6 protein chains.
Amino acid sequence: MYKRTTRKFSEARKITFEKNIMKNAYSSVAVSYGDTKVFCTASIDHKVPPFAEDMNSGWLTAEYNMLPASTDRRKPRNIIKPDGRNVEIQRLIGRALRAAVNLKRFPGITIMIDCDVIQADGGTRTASISGGFLALKLAVDRLLKEEIIKKNPIVHQIASISAGKVHGQIMVDLDFMEDKNAEVDFNVIMTDSGDYVEIQGTAEKGIMTRENFDIILKYCEQGINHIFKQMEEVYSEI
Amino acid sequence: MYKRTTRKFSEARKITFEKNIMKNAYSSVAVSYGDTKVFCTASIDHKVPPFAEDMNSGWLTAEYNMLPASTDRRKPRNIIKPDGRNVEIQRLIGRALRAAVNLKRFPGITIMIDCDVIQADGGTRTASISGGFLALKLAVDRLLKEEIIKKNPIVHQIASISAGKVHGQIMVDLDFMEDKNAEVDFNVIMTDSGDYVEIQGTAEKGIMTRENFDIILKYCEQGINHIFKQMEEVYSEI
Amino acid sequence: MYKRTTRKFSEARKITFEKNIMKNAYSSVAVSYGDTKVFCTASIDHKVPPFAEDMNSGWLTAEYNMLPASTDRRKPRNIIKPDGRNVEIQRLIGRALRAAVNLKRFPGITIMIDCDVIQADGGTRTASISGGFLALKLAVDRLLKEEIIKKNPIVHQIASISAGKVHGQIMVDLDFMEDKNAEVDFNVIMTDSGDYVEIQGTAEKGIMTRENFDIILKYCEQGINHIFKQMEEVYSEI
Amino acid sequence: MYKRTTRKFSEARKITFEKNIMKNAYSSVAVSYGDTKVFCTASIDHKVPPFAEDMNSGWLTAEYNMLPASTDRRKPRNIIKPDGRNVEIQRLIGRALRAAVNLKRFPGITIMIDCDVIQADGGTRTASISGGFLALKLAVDRLLKEEIIKKNPIVHQIASISAGKVHGQIMVDLDFMEDKNAEVDFNVIMTDSGDYVEIQGTAEKGIMTRENFDIILKYCEQGINHIFKQMEEVYSEI
Amino acid sequence: MYKRTTRKFSEARKITFEKNIMKNAYSSVAVSYGDTKVFCTASIDHKVPPFAEDMNSGWLTAEYNMLPASTDRRKPRNIIKPDGRNVEIQRLIGRALRAAVNLKRFPGITIMIDCDVIQADGGTRTASISGGFLALKLAVDRLLKEEIIKKNPIVHQIASISAGKVHGQIMVDLDFMEDKNAEVDFNVIMTDSGDYVEIQGTAEKGIMTRENFDIILKYCEQGINHIFKQMEEVYSEI
Amino acid sequence: MYKRTTRKFSEARKITFEKNIMKNAYSSVAVSYGDTKVFCTASIDHKVPPFAEDMNSGWLTAEYNMLPASTDRRKPRNIIKPDGRNVEIQRLIGRALRAAVNLKRFPGITIMIDCDVIQADGGTRTASISGGFLALKLAVDRLLKEEIIKKNPIVHQIASISAGKVHGQIMVDLDFMEDKNAEVDFNVIMTDSGDYVEIQGTAEKGIMTRENFDIILKYCEQGINHIFKQMEEVYSEI
């Protein structure tokens with residue numbers, strides 16, 4: 001039977017956040033889930049897409065990319081031929097972060113969240129969401145402080161973690177090798193009030209019963225609560 | 001409070017399948033979920049991607065597209081600028097259908113499932129998965145009959161339906177107007193043995209509690225059972 | 001000597017039109033020339049290209065595409081690498097349909113004709129032109145009825161058919177196998193008053209004398225008169 | 001009524017050919033139709049597309065492009081966004097030149113004809129075909145001389161000219177201003193034995209009767225005979 | 001030891017300019033450095049990029065391209081896949097020509113210099129800069145004469161030549177074979193007052209000492225003075 | 001007159017290297033020139049381009065990219081539309097690093113150097129070259145240690161720095177604000193034996209005399225010697 005050497009099945013890896021890592025970004029965060037490391041930044045543009053303009057609303061969008069050498073085998077830059085996985089992930093990040101804000105509170109402004117993976121060891125999308133949310137929060141603070149917007153648009157805190165079934169065993173926060181062998185693979189995004197923002201799960205290589213699913217949701221809830229604590233700590237640092 | 005005029009919240013729209021609709025395709029199916037209509041075809045190629053070749057395995061992939069006039073407002077063909085939503089959907093369809101087969105049983109063969117939306121009224125991705133699965137099944141029958149493969153590679157029957165929360169009410173198989181107003185939007189893919197293949201849900205515009213989620217899963221399970229019956233009937237026609 | 005099994009050399013295949021096949025399209029037509037089947041739709045946009053704006057004129061343009069499984073051997077979707085044949089055909093369709101209208105009578109409006117081939121068995125471009133013209137006519141009726149435009153912009157009825165030389169024999173409305181073996185291949189587009197809108201012919205694999213050409217034009221004229229009758233019948237249905 | 005100042009309606013402009021204008025090309029020709037000037041070259045590649053390989057045949061293809069400053073208003077280079085007109089023209093040139101050769105006589109070899117317009121004043125496609133044919137003929141002579149091929153693959157001499165209806169008057173070899181005002185516009189490609197290779201004509205802005213058409217064909221035949229004489233003269237120079 | 005057969009190491013090839021070679025261009029020049037031949041044209045657009053608009057300034061940009069048959073081995077047209085070498089060269093040409101003008105003196109106007117290589121035998125970028133400058137000068141004269149601008153924006157005359165080390169020997173104006181064997185390869189652009197506009201040199205295949213460099217600069221200065229004389233002569237012709 | 005607040009005109013910013021920063025890369029270096037920070041990695045591929053294969057040689061190539069938030073104003077990712085500046089810089093980096101190695105000593109192997117700018121404050125290309133060289137050196141050590149290659153292919157140590165003329169004053173290692181105001185801008189790449197690998201300089205906004213140039217070369221030589229020391233120190237750390 002598969003065993004984890006240094007942590008329990010219900011235990012996330014070491015999760016850390018560091019803020020203000022890139023001086024030119026409007027806000028910036030380095031997030032680590034174990035050996036997975038992502039740089040998340042927020043940029044501000046005083047222009048919105050036509051549909052947002054029509055609704056007198058702001059907009060929030062996200063981009064996700066991996067440095068070529070962030071993975072075990074060099075990942076070519078996606079020039080011309082778009083990368084389906086990238087597209088899927090950045091749509092997920094954008095959707096999740098939009099669920100965290102009231103777009104009406106920053107009319108005419110686009111917040112762009114960039115998630116650039118420096119080191120990939122499983123969970124880059126969940127790390128991107130949590131780190132992206134902290135970058136968003138720091139950008140919002142700055143927008144308020146600089147009096148560019150008046151009311152805080154953040155309506156929920158959000159964070160994300162994965163869980164899955166590997167060799168028949170449910171476990172949380174899969175690393176690369178676990179993810180590669182997973183029969184079932186879930187990404188869960190929750191608010192600080194315990195509601196769900198997004199649930200995405202696949203059993204591409206196995207079977208997922210309702211029982212599996214209940215444990216997965218329980219583990220993710222615990223993991224996400226832990227992440228909110230880490231995030232809050234770094235956020236409150238001066 | 002929102003009311004459906006012609007069906008109950010737990011009731012799917014009229015779901016129909018028609019087979020052999022395109023004479024040049026290896027197999028073909030027209031699937032309708034109410035006014036949503038998708039043409040699903042299977043094509044066979046005696047060539048696989050390098051990674052499948054290395055594993056002496058077959059491959060299955062899917063493409064999803066909408067005819068420009070299938071939607072209310074003409075959808076430009078995605079030339080050059082890739083369409084993120086399309087990419088996301090076709091990755092979902094491919095993943096789901098691969099979960100239904102044992103790739104090892106058609107080494108050297110790629111099965112390509114094309115889902116072309118003729119008319120869109122909500123649920124095009126769930127209709128594509130159910131219709132795509134029937135096209136796959138018909139293609140497999142033909143591969144067996146023509147003795148191109150020896151053992152049936154299908155390991156699960158699969159089908160898919162959506163459910164969501166609209167104006168505070170949980171309901172199944174959303175049409176376009178319901179989908180547009182949905183606070184919570186789920187797509188569920190299940191096997192005929194009642195296990196989950198994929199669960200994808202977003203609460204971009206609202207809140208999703210654990211209770212909501214339980215009802216959603218129940219409605220989807222009922223809907224999917226209904227679809228399996230419709231599919232079986234058409235499949236068995238001579 | 002080559003013989004046709006079910007029709008004379010001067011006889012077109014069974015040609016049918018069906019209208020209102022796609023509920024979201026502004027107008028829609030399914031056209032069949034034997035086993036060739038094309039869905040033709042018209043969409044309306046209240047915006048014109050700069051050069052049309054400068055002339056206070058409307059614009060009409062066409063797109064042509066084949067579903068991947070419409071042909072014997074799956075045709076990959078033309079993403080990124082444009083498909084020369086498609087480009088050539090849609091330019092032909094657009095030119096022909098523009099010759100049928102007075103663009104000045106719908107200033108500020110673009111009519112977009114989409115021709116999507118569902119099943120290909122020779123003559124997809126001629127079927128697209130005839131079906132596209134009927135879709136155009138139905139769209140114009142609706143524009144007049146909805147009082148978006150005031151005067152009927154249609155100045156000619158148009159229809160199209162092919163003819164060619166196969167195994168030394170001139171014949172009309174070639175199917176796929178005939179087309180593949182044709183030494184000479186012509187597409188003719190005519191108005192209901194018997195004038196020519198476009199003539200396109202190639203002798204890529206043989207010789208075309210002036211005598212061949214005269215028979216080709218005669219056969220096409222007969223075929224086109226037949227098409228106008230079919231079209232008129234469907235058009236007049238309530 | 002419209003009058004031509006320096007030539008009769010049935011008279012082509014001054015048509016000249018010059019050979020060996022680019023030392024690195026396998027063969028090269030500068031062709032002029034009045035102020036229209038095109039550089040035509042042939043290049044040789046010892047590789048053919050898969051379908052030609054399967055048939056143990058050679059291949060011939062053509063590309064057409066305009067220098068940005070060849071036209072009155074600078075034409076941007078077509079990077080990324082393909083230019084429909086270019087595509088249509090180069091398909092026409094390739095088709096016409098393939099009709100002039102027996103591909104079986106240069107198995108394994110691709111002849112690539114490049115037509116680069118230096119100065120555009122109407123008729124660039126017809127000039128490209130005539131000039132491209134002379135470049136092809138010179139390349140074939142060299143292939144024979146260098147003993148790369150054994151039998152002359154040229155089965156017809158071909159040349160091309162345009163004719164049209166301008167202000168109600170039929171005339172041959174339209175210049176840019178005539179072309180712009182043409183109600184009917186034809187391009188005719190013929191062999192030296194008086195047969196047709198390709199006929200392409202459009203009446204986008206007017207009406208074309210059978211009578212018009214007969215005069216057009218007569219004028220084109222005369223023009224093409226004249227071109228063959230010019231071509232032969234230059235070809236025979238040492 | 002390597003010897004040049006017809007010229008000294010310090011001697012440029014025969015350098016010629018010809019003006020007014022393309023009637024539709026705003027100005028045009030054919031420049032030859034030995035067998036290298038480039039057509040340089042200037043086009044005028046009454047529109048500038050946003051950054052130039054903000055500064056109430058004009059703009060000047062350049063494009064560089066090679067005809068496919070200009071080189072020994074046919075160079076495919078760069079469709080879709082951009083050509084790194086082309087990009088680098090056209091950025092160099094643009095930078096050099098902008099250094100020759102005061103952009104403030106043609107506000108709202110973009111001058112576009114196109115350099116199309118007809119025949120390549122080494123030094124196409126230096127020939128493009130010298131020929132591009134003469135085309136620019138002729139365009140400026142016409143802008144002044146047509147009273148589109150009021151003050152001459154040209155602040156320096158510029159010209160360019162290459163030098164390098166081949167088989168251990170420093171020499172100027174390398175031809176293709178010399179360039180191919182060069183250990184050190186420099187391009188120098190100077191003004192008529194003897195100052196430097198751009199110096200670019202690489203020792204990709206060898207070593208470049210300070211001494212080498214001093215001789216290279218001396219040879220280039222001599223070569224450039226010679227070019228200015230040739231250019232002036234042609235410029236002054238009526 | 002312009003003054004630098006914290007350093008002399010002949011003095012580079014604080015230049016640091018850090019190695020082994022990304023665990024999945026074959027080798028990795030973070031290089032800083034003041035506030036400019038670049039991650040440089042080497043990846044190994046056991047495949048070379050055809051021309052290298054023909055010569056039984058290895059290959060080395062480089063890519064350069066900026067994280068979107070690395071600059072003051074967010075830089076969009078270059079999807080589809082290639083970025084001319086990026087192309088120019090990565091060609092420079094590749095050329096410079098190839099000059100440092102003997103490609104014959106790693107036949108069949110491609111070394112890919114990626115330079116990803118995390119923070120941009122002037123000099124990103126010179127920092128990329130120095131950091132890229134250290135990453136290359138570390139990769140070569142590993143290739144030797146893992147006995148993938150037998151002889152050290154490095155023939156020169158290389159490093160790079162910029163210098164320029166700002167407000168009439170020559171100075172070394174320009175930061176962003178200095179670079180923006182520079183009349184003359186040089187990038188110099190040298191070997192540890194004091195020879196030149198590449199010199200690139202532009203006087204887009206001013207004049208560059210021979211005297212200027214001599215000072216620039218002197219300052220760069222001093223700066224580069226300093227960089228070699230820093231690099232050696234980090235390289236020797238265990």
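About the criteria used
- Residues numbered from 1 in each chain as written.
- Chains lettered and ligands numbered in written order.
- Predicted model: local features only at pLDDT ≥ 70, side-chain atom pairs only at ≥ 80, totals over all residues.
- Heavy atoms only, no water.
- Helix = DSSP H or I, 4+ residues; strand = E, 2+ residues; numbered from the N terminus.
- Rg over C-alpha atoms; globule rule 2.2 N^0.38 Å.
- Buried < 20%, exposed > 50% of the residue type's maximum accessible area, 1.4 Å probe, protein only.
- Contact = heavy atoms within 4.5 Å.
- Areas by Shrake-Rupley, 256 points an atom, 1.4 Å probe, with all protein chains shown as cover.
- Lys, Arg positive; Asp, Glu negative; His and termini not counted.
- Charge placed at Lys NZ, Arg CZ, Asp CG, Glu CD.
- Buried area = accessible area lost by both parts, 1.4 Å probe.
- Salt bridge = Lys/Arg side-chain N within 4 Å of Asp/Glu carboxyl O.
- Polar contact = N/O pair within 3.5 Å; in protein donor to acceptor, adjacent residues only side chain to side chain.
- Nonpolar A, V, L, I, M, F, W, Y, C, P; charged D, E, K, R; others polar.
- Least-squares fit on C-alpha atoms with pLDDT ≥ 70 in both.
- Phe/Tyr/Trp six-rings, centres within 6.5 Å; stacked < 30°, edge-to-face > 60°.
- Lys NZ or Arg CZ within 6 Å of the ring centre and 35° of its normal.
- Axes fitted to C-alpha atoms, helices over the stretch in contact; angles between N-to-C directions.
- Parallel < 35°, antiparallel > 145°, perpendicular 65-115°, else oblique.
- Left-handed = near helix turned anticlockwise from the far one by under 90°.
- pLDDT = per-residue confidence, 0-100.
- Pairing = 2+ DSSP bridges.
- Disulfide = S-S within 2.5 Å.

**Student:** How would you summarise the overall build of chain A if you had to cite specific residues and measurements?
**Tutor:** On a plain count of helices and strands, chain A comes out with five helices and nine strands. The order of helices and strands in chain A, counted from the N terminus, is β-β-β-α-β-α-β-α-β-β-α-β-β-α. Against the globule reference of 18 Å for 238 residues, chain A gives a C-alpha radius of gyration of 18 Å, in line with a compact fold. When its C-alpha atoms are laid out on the principal axes, chain A stretches across 55 × 40 × 35 Å. The burial tally for chain A puts 61% of its 238 residues in the buried class. Sequence-distant contacts, at least 24 apart, represent 68% of the contacts inside chain A between residues at least 6 apart. Counting only carbon and sulfur atoms, one obtains 48% of the accessible surface of chain A, whose full area is about 9800 Å². Taking the average place of the 33 positive charges on the side chains of chain A and the average place of its 32 negative ones, the gap between the two points comes to 2 Å.

**Student:** Residues and numbers for the interface of chain D and chain E, please.
**Tutor:** Across the contact, 30 residues belong to chain D and 30 residues belong to chain E. Each partner contributes to the roughly 2500 Å² buried at the junction of chain D and chain E, and carbon and sulfur atoms together form 50% of this total. The three residues of chain D that bury the most area against chain E are N24(D), R74(D) and R77(D), which together make up 25% of that side's buried surface. At the junction of chain D and chain E, the tally comes to 14 salt bridges. With its nearest N and O atoms 2.7 Å apart, the salt bridge here joins D114(E) to R77(D). Summed over the shared surface of chain D and chain E, the number is 18 residue pairs in polar contact (both at pLDDT 80 or more). The set of elements that each furnish at least two residues to the side of chain D that touches chain E consists of β3 (36-45), β4 (59-66) and β5 (110-119) of chain D. With six residues, β5(D) is the single largest residue contributor to the side of chain D that touches chain E. For the side of chain D that touches chain E, the class distribution of residues is 13 nonpolar, eight polar and nine charged.

**Student:** Explain the pattern of salt bridges to me, and be specific about the residues and the numbers.
**Tutor:** Per the counting criterion, the structure on display carries 119 salt bridges over all chains. K23(F) is the partner of D35(A) in a salt bridge, and the nearest nitrogen-oxygen pair spans 3.1 Å. Taken together, the residues D35(A) in the loop between β2 (27-33) and β3 (36-45) and K23(F) in the loop between β1 (15-19) and β2 (27-33) connect one chain to another. Take D35(A): its relative accessible area is 37%, and that puts it in the partly exposed class. A salt bridge links E88(F) to R125(F); the nearest nitrogen and oxygen atoms lie 3.8 Å apart. Here R125(F) lies in helix α3 (residues 124-145) and E88(F) lies in helix α2 (residues 84-99), a separation of 37 residues in the sequence. Taking the relative accessible area as the measure of exposure, E88(F) reaches 5% and is therefore buried.

**Student:** Describe the relation of the copies chain B and chain A, naming the residues involved and giving the relevant values.
**Tutor:** Screw-axis analysis of chain B against chain A gives a translation of 0.0 Å along the axis, an RMSD of 0.0 Å, and a rotation angle of 180 degrees. Here the copies are linked by what is in effect a two-fold axis. Taking the C-alpha atom as reference, chain B places Q200(B) closest to the rotation axis, 2.2 Å from it. A share of 100% of the interface residues of chain B reappears at the interface of chain A, consistent with the copies meeting face to face through the same patch.

**Student:** Let's hear about the relation of the copies chain D and chain E: which residues, and what values?
**Tutor:** Put simply, the second copy of the chain is the first one after a rotation about an axis and a shift along it. For the pair chain D and chain E, the relating rotation is 180 degrees, the translation along its axis is 0.0 Å, and the fit reaches an RMSD of 0.0 Å. By residue overlap, the copies meet face to face through one surface: 100% of the interface positions of chain D are interface positions in chain E.

**Student:** Pulling in residues and values, what's your account of the environment of F228(B)?
**Tutor:** All names here are of chain B. When you line up the elements, F228 lands in helix α5 (residues 210-236). The class of F228 is buried, set by a relative accessible area of 14%. Residues F228 and D192 lie 36 residues apart in sequence; the distance between their C-alpha atoms is 7.4 Å. Discounting residues that sit within four places of it in the chain, F228 has contacts with Q157, I158, A159, M190, T191 and D192.

**Student:** If you had to explain the packing of aromatic side chains to someone new, which residues and values would you point to?
**Tutor:** As enumerated under the stated definition, the model contains 24 aromatic pairs over all chains in all. Measuring from ring centre to ring centre gives 4.9 Å for F51(C) and W59(C), while their planes differ by 90 degrees; the resulting arrangement is edge-to-face. Considering the side-chain rings of F213(E) and Y196(F), the 6.2 Å spacing of their centres and the 40 degrees angle between planes classify their relative orientation as tilted. Of this pair, F213(E) sits in helix α5 (residues 210-236) while Y196(F) sits in strand β9 (residues 196-202), which puts the two residues in different chains. By relative accessible area, F213(E) is classed as buried at 0%. Here the guanidinium or amino end of R142(D) rests over the ring plane of Y26(D), the centre of that ring lying 4.1 Å away. Its guanidinium or amino end placed over the ring of Y235(E), K137(E) lies 4.0 Å from that ring's centre, counting from NZ or CZ.

**Student:** Quick rundown of the packing of helix α2 (residues 84-99) of chain D against helix α3 (residues 124-145) of chain D? Include the residues and the values.
**Tutor:** All names here are of chain D. With their axes 10 Å apart at the nearest point, α2 and α3 run at an angle of 40 degrees to one another. The orientation of α2 with respect to α3, classified from their angle, is oblique. The way α2 lies across α3 gives a crossing that is right-handed. Every residue of α3 that contacts α2 at R85, E88, I89, L92, I93, A96 and L97 is listed here: T124, R125, S128, I129, G132, F133 and L136. Per-class residue counts for the contact of α2 with α3 are eight nonpolar, three polar and three charged.

**Student:** Requested: an account of the confidence of the model for chain A, with residues and values cited.
**Tutor:** In regions of low pLDDT, the predicted coordinates are not meant to be interpreted in detail. On average, residues of chain A carry a pLDDT of 94, and 97% of them reach 70 or more. Note on the complex model: pTM 0.88, ipTM 0.93.

**Student:** Describe the interface of chain B and chain A, listing the residues and the values that go with them.
**Tutor:** Between chain B and chain A, the residue contacts involve 28 residues of the former and 28 residues of the latter. Summed over both sides, the interface of chain B with chain A buries roughly 2700 Å², with 51% coming from carbon and sulfur. Broken down residue by residue, the surface that chain B buries against chain A is led by E88(B), Y196(B) and E204(B), which jointly contribute 21%. At the boundary of chain B with chain A, the tally comes to six salt bridges. Where E88(A) meets R95(B), a salt bridge forms, and the shortest distance between an N and an O atom there is 3.2 Å. The interface formed by chain B and chain A contains 14 residue pairs in polar contact (both at pLDDT 80 or more). Among the elements that take part in the side of chain B that touches chain A, helix α2 (residues 84-99) of chain B stands out by supplying eight residues, more than any other. In the sheet, strand β9 (residues 196-202) of chain A pairs with strand β9 (residues 196-202) of chain B via five bridges, with the strands oriented antiparallel. Bridge assignment links I199(A) to a residue of β9(B), and that residue is G201(B).

**Student:** Pulling in residues and values, what's your account of the packing of α3(F) against helix α5 (residues 210-236) of chain F?
**Tutor:** Residue and element names in this part refer to chain F. It is the contact of α3 with α5, at a shortest axis distance of 11 Å, that shows an interaxial angle of 35 degrees. Note that α3 runs across α5; the crossing there is right-handed. Contacts between α3 and α5 involve S130, F133, L134, K137, L138 and D141 from the former and I227, M231, E232, V234 and Y235 from the latter. For the contact of α3 with α5, the residue count by class is seven nonpolar, one polar and three charged.

**Student:** I'd love a proper account of the environment of I215(E), names of residues and values included.
**Tutor:** For I215(E), the position within the fold is in helix α5. In sequence terms I215(E) and I170(E) are 45 residues apart; their C-alpha atoms lie 7.2 Å from each other.

**Student:** Give a detailed account of the sheet that holds strand β6 (residues 158-166) of chain B, specifying residues and quantitative values.
**Tutor:** Across the sheet, eight strands lie side by side as β7(A)-β6(A)-β8(A)-β9(A)-β9(B)-β8(B)-β6(B)-β7(B); this open sheet has antiparallel pairing. Both outer strands of the open sheet, β7 (169-172) of chain A together with β7 (169-172) of chain B, are each paired with one neighbouring strand and no more. Between one strand and the next, the sheet's axes are offset by a mean angle of 15 degrees, whatever the strand orientation. By the bridge criterion, six bridges tie strand β8 (residues 182-191) of chain A to β9(A) in an arrangement that is antiparallel. Across the sheet, N187(A) pairs through a bridge with Q200(A), a residue of β9(A).

**Student:** Give me the state of the cysteines: which residues, what numbers.
**Tutor:** For the structure on display, the rule yields zero disulfides over all chains. Cysteine C220(A) shares no disulfide, and the gap to the nearest cysteine sulfur, in C40(A), comes to 19 Å.

**Student:** Break down the sheet that holds strand β1 (residues 15-19) of chain D for me, citing the residues and quoting the values.
**Tutor:** Residue and element names in this part refer to chain D. In space, the five strands of this open sheet follow the order β1-β2-β3-β5-β4, with mixed pairing throughout. Two strands in the sheet have a free side with no partner beyond their single neighbour: β1 and β4. Averaged over neighbouring strand pairs, the angle between their axes works out to 20 degrees when direction is ignored. Taken together, the eight bridges between β4 and β5 define a ladder with parallel strand orientation. Paired with N65 across the bridge in β5 is D116. Taken strand by strand, α2 contacts β4 and β5, and its axis lies near 145 degrees from that of β4.

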